[in-house]
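Summary of structural features
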Amino acid sequence: MNATESSDATITGHLLDRLHSLGVTHLFGVAGDYNLRMLDEVLAHPGVQWVGTAGELGAAYAADGYARVRGFAALVTTHGVGELSAINGVAGSYAEHVPLLHIAVGPPRSKERDGAVAHHTLGDGDYEHFARAFRQVVCADAVVRPEDGPDEIDRVITTCLRESRPGYLRLPQDVALANAPSPSGALHRPDRHAADQYSLTAFVDAATRRIEAADTVSVLADCLVDRFDGRAELSDLLSAGSLPHAVVASGKGVVDESAPHYVGLYAGACSDGAVRSAIDDADLLIRAGVRLADTTSGGFTHGYDPDRGISVDPTTASVDGVVFPNVGLPAALAALARLVEGRPTSAASTTTAPHLHRSSSGDNPLSQAYLWQAVGAAVRPDHTVIADQGTPLFGISPRRLPTGARFLAQPVWGSIGYSLPALLGAQLADHSRRGLLLIGDGAAQLTIQELGTLGRLRLTPVIVLVNNDGYTVERALHSPEAAYNDIAPWRWPDLPAALGVPEPLVLTARTEAELDHSLTTAAEVTDRLIFIEARTERDDTPLLLSRFAEIAKRQARKVQ
């Protein structure tokens, strides 16, 4: 039993104790009249700090960033208007396998029973509309009642942890303050190493035959390795066999990109030649937690057969399409590490050279190519890099990160504006790291208000905002001159102070030399928020985006 739990705890107290026991020390959200009394308990809790955001969508994105670092997170909204503002962020967490808990506090049970036309409802007496909506984007949900509230809370949280996806609690106002029955015991994270021994043995036998018959073995990794706690086992596999390996964009950061056999970013036909050869031409490809998505596979232009090779997924493993159920991802990776140990390194292990950056001393206009070379070189081992969908993600993904750097992005759900609030969550989840946010001007206009939250909490990340006058990704994909790709030209250097950031250091880079100076200054000044406006031409795009856009346009013409 947690030290703060007691037999006369309230439902809210039990919930907060459970969150705290899982390492959640910050609770994100927006105050509303239905949740105010619950928030009084939050403020009084010794282990959980309230983090009020500018909007509920920002709270959901912040919780997502927090959960990717801590392993779990939670947000609180009010009924109806608040929870619907957050649902996009929760849906992104579902798509990207991020475990968090959304708590929606609503009208008291008396109004439910009467079918009252309460504010923040649809006025029809049905209080389940929004719970039904959330069931599409969560792995578990409950309407909390006093008699079984603790058990239902525990069930939902446990399911979130097991499936690495969001959960939802609808909590009537009066229930939040009701006394809770005694807790039934401590919560525990799922044992990812668990496996059905018969199934595991059969998988090992099949994998052994497949590995022994292969001249070349390569590995492709994705984010599910991280979400299902297999990072250490993947590292053991890669080092045991000295295997050439790559990641897709959604899995960037799950391997040490300075390792000698890391070949780079794999993106189907958009990949560099050496990377594509190492993955597509391998006799045996081991796929570790890989989900093929159009944005991460170059529009499904991957050259390997997904029904061939070895695939390791969260709860199953397969060899050439034969599925072995109830084999956890870490257990399967650990078994493969033993099988490849001491395997001779083949010619396919030749790695691509790291990208180098040479600083400029001239006044050359800043280009996307130079921007991402310079930013990539500026990443430090203690950085958490957060890249928004658009030119930042396409630009930074091929750059090698130093050992220890963390990377966050949302390429599957792809909701622009995600990264700025996610930066807030990631910074609070790990104060030992400095955030490095990479975001475009179009994306930033959706969630820039959370810059004020970063300032209010006196966080000191580095923000690189790419000002290229609108939706450059959309221009690259279709109709570059169309008015729907235009945005209002904000005065970006004025915004940090206007939004309440104390003493921000604001820099503007229009040339290569100005960018180098800005990044050097950002590395030296660590006690203030750094805001760098990097100005590039409207139609200038990173190489990876140019390749992707060409493929996307060809595919679009085929379906017209």
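Presented here is an overview of the structure given in this document.

Thresholds applied
- Residues numbered from 1 in each chain as written.
- Predicted model: local features only at pLDDT ≥ 70, side-chain atom pairs only at ≥ 80, totals over all residues.
- Heavy atoms only, no water.
- Helix = DSSP H or I, 4+ residues; strand = E, 2+ residues; numbered from the N terminus.
- Contact = heavy atoms within 4.5 Å.
- Expected span 1.5 Å × (residues − 1).
- Buried < 20%, exposed > 50% of the residue type's maximum accessible area, 1.4 Å probe, protein only.
- Pairing = 2+ DSSP bridges.
- Core = buried A, V, L, I, M, F, W, Y, C linked by side-chain atoms within 4.5 Å.

With respect to the helices, strands and loops of the structure, Leu-423 is situated in helix H16 (residues 419-429). Separated by 27 residues in sequence, Leu-423 and Glu-450 have C-alpha atoms that sit 9.7 Å apart. Excluding residues within four positions of it along the chain, Leu-423 makes contact with Ile-386, Gly-435, Leu-437, Leu-454, Pro-461 and Ile-463.

Another aspect to go through is helix H22 (residues 543-559). Under the 1.5 Å per step criterion, the end-to-end length of H22 is 25 Å for 17 residues, consistent within 8% with the ideal 24 Å. Within H22, burial applies to Leu-544, Leu-545, Phe-548, Ala-549 and Ile-551. Where the residues of H22 are buried, they touch strand S9 (262-265), helix H15 (391-396) and helix H19 (472-477).

All right, on to the pairing of strand S16 (residues 434-440) then. Successive side chains on a regular strand alternate, one facing one side of the sheet and the next facing the other. Within S16, 7 of the 7 residues are buried, which leaves the element mostly enclosed by the surrounding structure. Neither face of S16 is left uncovered, since the one carrying Arg-434, Leu-436, Leu-438 and Gly-440 and the one carrying Gly-435, Leu-437 and Ile-439 both have all their residues buried. Bridge analysis of strand S14 (residues 383-387) against S16 gives 5 bridges, and the strand direction is parallel. Looking across to S16, one finds that Ala-387 is bridged to Leu-438. Pairing geometry for S16 and strand S17 (residues 462-467), over 5 bridges, is parallel. Each bridged residue has a counterpart across the sheet, and for Leu-437 the counterpart in S17 is Ile-463.

Side chains of a nonpolar character, in soluble globular proteins, are inclined to be buried together. Phe-28, Leu-101 and Ile-157 are the most contacted members of the largest nonpolar core, which totals 85 residues. Considering every element that reaches this core, the biggest residue donor is helix H3 (residues 56-70), with 8 residues. In this structure, Leu-101 is in contact with Leu-15, Leu-19, Phe-72, Ala-73, Ala-74, Leu-75, Val-156, Ile-157, Gly-167, Tyr-168 and Leu-169, ignoring residues within four places of it in sequence.

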